Amino acid sequence: MPDRESAISMTRRSFVAACAGAACASSLAKPPNVLILLTDDQGYGDLSCHGNPVLKTPALDRLHSESVRFTDFHAAPMCTPTRGQLLSGQDALRNGATSVTAGRAVIRRELPLMSDIFAANGYATGLFGKWHVGDNYPYRPMDRGFQEAKYFLGWGLVSAPEFDNDYFDGRYRDRGVVKRFSGYCTDFWFDQAMEWMRRQQAAGRPFFCYLPTNTPHGPAWVAEKYAAPYRKPGVPAAFFGMIANLDENVARLEAFLRDTGLRDNTIFIFMTDNGGTGGVSLYNAGMRGRKTQLYEGGHRVPCFVRWPAGRLRAPGDIAIPAQMQDILPTLIELCGLKKPEQARFDGISLAGLLRGESSSLPDRMLVVQYGQILKKWESCVIWRKWRLVNGEELYDLRSDPGQQQDVAKRHPDVVSRMREHYERWWAELEPRLNDFCPISIGAPEENPTTLSSSDWQEVYCDNARTVLEGGGGPRGGPWNVYVERDGEYEIALARWPFERDLPLSAPCPEKKMTVGVMPAGVALPIRAAQLVIADQQLTLKTRPEDKAAVFRVRLRGGTKTKLHGWFQDAEGKDLCGAYYARVRRL
């Protein structure tokens, strides 16, 4: 009898194999290409076409003028939940990717993703940029349907797994192999995407190109020529500079699409992954809230859709509430794809609206919720013009777009109806909320497996700065792991990234980056390590010069367990978690 994780893996593989075996392909005579550009931490107000009084985005403004725009479109208030919702078509609390860290930043492995579905329908699939829904097997982009995958780990280039990567001349992964890029990261992602699209065109293959940039997420590192025009009091010059660079790349991308003849039959979708950040204090399009928050400014984002050859309605605004989860079912319909039999979407197709065949959607309520620790009612329920925040505050967006007046007491019937919807939604999803998705160890596809504190269960430790400061608590947190095969395993626990080659007890020296500085990391008097895994607890004394504490254990395959390592001083006092672990099946 196969265990649950094996059964899950077989279910997903059976979908891909069945589609491939049946030579699934789009039902359209000439399938459209699909290009999704998703920027990071750019808010709704960070576009001049949305009224920003300082920032200039001429290329994105032109795209806006040529597109059907969903002006009441919603993401999650943070990036990983948004990415999971986009790729799976499911709410974050259903697909498992509810947080940017804390063991909740991966999509359940049994779910076919957008990339799987396009690949199974004969499309070439490529990712260029930020993934952030799984650093390890079986959650890496090449495990989830992307044939080409050029990306980095974690949330960004100074996340815990990347640690001291640079926005200029930094590191990236090419299907898991570490390589270096030249120039600025955003320029590189666009260059690679365009080169790949050109190759697919030459080969006569329709393509799905996913281009999620890591900018303008901080740190705000960009060449001065982009920031200089914005160096004025009260203006976030470097943040706007990153958006100026993005806009320049959009102009290059548009020229490429025109020059190659790809423009007309390419569905081009532009979105951002959450509410505003660096530019909110200057301009927030009249909204309350920002990234991480449940008010409109935390999750309302731009969504532009252009397909010149697709017989869409004329460019203009659609003010009907829609969400990130709608994109996958929409693309399945527009591209004539075969939908997996077992697939279940929380989103619905917007194709009728885009084609001008309908002017409305079925009446529905949407739920925006995410989090490291998931609590009932920490949400925003969206219904027509209404927003129910935290289960108690009610806002009428039509008369109060800035959400200044709580009208819950004036409309108890509306509150009651929205709470009833949320109660049903929560009751359905709550049973699996603490069913953490394990990282595989000992799999042939990734051996050794390098883990970072980003994936500690229920501990927020995904920043290099937290590692440098020795934060995350005296024991850190455990990793949820799935032992793929019986055998002897070597588990190395480290204070610093293995590639830094630093002793456990040493400080990490300051590092000058191309723009900015990575601060020094504190030294800790580490003299012992503790390891708990599969009902085994082991202790190992360490020397100041040791670069890792290395254990050997026997593990039984087909088991889900926790791997927890931490460091102590000479007296046995807990100091910090093992921020990094390397697990190798011998």
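Refer to the preceding data block for the structure.
In this text, all values refer to a predicted model and were calculated from it rather than measured experimentally.

Visitor: Please give an account of the overall build of the protein that cites residues and values.
Guide: A tally of helices and strands in the protein yields 13 helices and 29 strands. Taken along its principal axes, the extent of the C-alpha atoms in the protein is 70 × 60 × 60 Å. Every one of the 586 residues in the protein was classed for burial, and the buried ones make up 64%. The contacts in the protein between residues at least 6 apart in sequence include a share of 70% that link residues at least 24 apart. With the model as given, the accessible surface of the protein reaches about 21,400 Å², and the carbon-plus-sulfur share is 50%. Here the protein holds 74 positive side-chain charges and 68 negative ones, and the gap between their average locations is 2 Å.

Visitor: Can you break down the packing of helix 6 (residues 185–203) against helix 8 (residues 237–260) residue by residue, with the values?
Guide: Where helix 6 meets helix 8, the axes come as close as 10 Å, and the angle between the chain directions of the two elements is 10°. Judged on the interaxial angle alone, helix 8 and helix 6 are roughly parallel. Where helix 6 crosses over helix 8, the handedness of that crossing is right-handed. Contact residues: helix 6 offers Thr186, Asp187, Phe190, Asp191, Met194, Met197, Arg198 and Gln201, while helix 8 offers Asn245, Leu246, Asn249, Val250, Arg252, Leu253, Phe256 and Thr260.

Visitor: Talk me through the state of the cysteines; I want residue IDs and the actual numbers.
Guide: The full count for this structure, using the stated rule, is zero disulfides. Cysteine Cys209 shares no disulfide, and the gap to the nearest cysteine sulfur, in Cys335, comes to 14 Å. For the unlinked cysteine Cys576, the closest cysteine sulfur is that of Cys461, found at 9.2 Å. For Cys576, a relative accessible area of 0% corresponds to the buried category.

Visitor: So what's going on with the nonpolar core? Residues and values would help.
Guide: When a protein is soluble and globular, its nonpolar side chains tend to lie buried together. In terms of nonpolar packing, the biggest core is built from 95 residues, with Met197, Leu211, Leu253, Leu493, Leu563 and Phe567 touching the most fellow members. Broken down by element, this core gets its largest block of residues, eleven residues, from helix 8. Contact partners of Leu211, with chain neighbours within four places excluded, come to Leu35, Ile36, Leu37, Leu38, Phe128, Trp189, Phe190, Ala193 and Leu253. Listed in part, the 52 residues of the second largest apolar core include Leu111, Leu113, Leu153 and Ile327.

Visitor: Please set out the packing of aromatic side chains residue by residue, giving values where relevant.
Guide: On inspection of all chains with the given rule, the structure shows 27 aromatic pairs. Taking the centre distance of 4.8 Å and the plane angle of 65° together, the rings of Phe118 and Tyr123 count as edge-to-face. Assessed through its relative accessible area of 0%, Phe118 is described here as buried. Of the residues examined, Tyr123 reaches a relative accessible area of 0% and is grouped as buried.

Visitor: For helix 2 (residues 58–65), give the residues involved together with the corresponding values.
Guide: Listed as buried for helix 2 are Ala59, Leu60, Leu63 and His64. Seen end-on, helix 2 carries its buried residues on one side only, within an arc spanning 145°.

Visitor: So what's going on with the sheet that holds strand 13 (residues 322–323)? Which residues, and what values?
Guide: The strand order across the open sheet formed by three strands is 10-3-13, and the pairing between neighbours is mixed. Either end of the sheet is taken by a strand with one partner, and the two such strands are strand 10 (300–301) and strand 13. Pairing of strand 3 (residues 73–74) with strand 13, which is carried by two bridges, proceeds in the parallel orientation. Within strand 13, the residue paired with Phe73 across the bridge is Ala322.

Visitor: Give a detailed account of the environment of Glu393, specifying residues and quantitative values.
Guide: As for its placement among the helices and strands, Glu393 is situated in strand 17 (residues 393–396). Spatially, the C-alpha atom of Glu393 lies 9.0 Å from that of Gln405, the residues being twelve residues apart in sequence. With near-sequence residues (within four places) excluded, Glu393 lies in contact with Tyr295, Arg387, Leu388 and Asp406. Polar side-chain contacts of Glu393 include one of 2.6 Å to the side chain of Tyr395.

Visitor: Help me get a handle on the environment of Leu87, residues and values and all.
Guide: With respect to the helices and strands, the residue Leu87 is situated in helix 3 (residues 79–88). Sequence separation between Leu87 and Ile117 is 30 residues; the distance between their C-alpha atoms is 10.0 Å. Those residues in contact with Leu87 that sit more than four places away from it in its chain are Ile107, Leu113, Met114, Trp131, Val133, Tyr210 and Leu328.

Visitor: Account for the pattern of salt bridges, naming residues and giving values.
Guide: If charged atoms from side chains of opposite charge come close, those side chains can pair. Under the defined criterion, the tally for this structure stands at 41 salt bridges. With a shortest N-O distance of 2.7 Å, Asp40 and Lys130 are connected by a salt bridge. With Asp40 in the loop between strand 1 (33–39) and helix 2 and Lys130 in strand 4 (residues 124–130), the pair connects residues that are 90 residues apart, well separated along the chain. By relative accessible area, Asp40 is classed as buried at 0%. Residues Arg364 and Asp326 are paired through a salt bridge, measuring 2.7 Å at the closest nitrogen-oxygen approach. Of this pair, Arg364 sits in the loop between helix 11 (351–355) and strand 14 (366–368) while Asp326 sits in the loop between strand 13 and helix 10 (327–335), placing them 38 residues apart in sequence. Judged on exposure class, the residue Arg364 and its partner Asp326 are both buried.

Visitor: Got a sec to walk through the sheet that holds strand 29 (residues 580–585)? Specific residues and values, please.
Guide: In any sheet, the strands associate via hydrogen bonds between backbone groups, in a parallel or an antiparallel arrangement. Strand order in this open sheet of four strands is 19-29-21-26, and the pairing throughout is antiparallel. Both edges of this open sheet fall to strand 19 (449–452) and strand 26 (549–555), since each of them pairs with a single strand only. Pairwise comparison of adjacent strand axes, ignoring direction, gives a mean angle of 20° for this sheet.

Visitor: Please provide a residue-by-residue account of the pairing of strand 28 (residues 574–577), values included.
Guide: Two strands pair when backbone bridges link them, and strand 27 (residues 559–568) and strand 28 are joined in this way by three bridges, in the antiparallel orientation. Directly across from Phe567, in strand 28, lies its bridge partner Cys576.

Cut-offs applied
- Residues numbered from 1 in each chain as written.
- Predicted model: local features only at pLDDT ≥ 70, side-chain atom pairs only at ≥ 80, totals over all residues.
- Heavy atoms only, no water.
- Helix = DSSP H or I, 4+ residues; strand = E, 2+ residues; numbered from the N terminus.
- Buried < 20%, exposed > 50% of the residue type's maximum accessible area, 1.4 Å probe, protein only.
- Contact = heavy atoms within 4.5 Å.
- Areas by Shrake-Rupley, 256 points an atom, 1.4 Å probe, with all protein chains shown as cover.
- Lys, Arg positive; Asp, Glu negative; His and termini not counted.
- Charge placed at Lys NZ, Arg CZ, Asp CG, Glu CD.
- Axes fitted to C-alpha atoms, helices over the stretch in contact; angles between N-to-C directions.
- Parallel < 35°, antiparallel > 145°, perpendicular 65-115°, else oblique.
- Left-handed = near helix turned anticlockwise from the far one by under 90°.
- Disulfide = S-S within 2.5 Å.
- Core = buried A, V, L, I, M, F, W, Y, C linked by side-chain atoms within 4.5 Å.
- Phe/Tyr/Trp six-rings, centres within 6.5 Å; stacked < 30°, edge-to-face > 60°.
- Arc of directions from axis to C-beta.
- Pairing = 2+ DSSP bridges.
- Polar contact = N/O pair within 3.5 Å; in protein donor to acceptor, adjacent residues only side chain to side chain.
- Salt bridge = Lys/Arg side-chain N within 4 Å of Asp/Glu carboxyl O.

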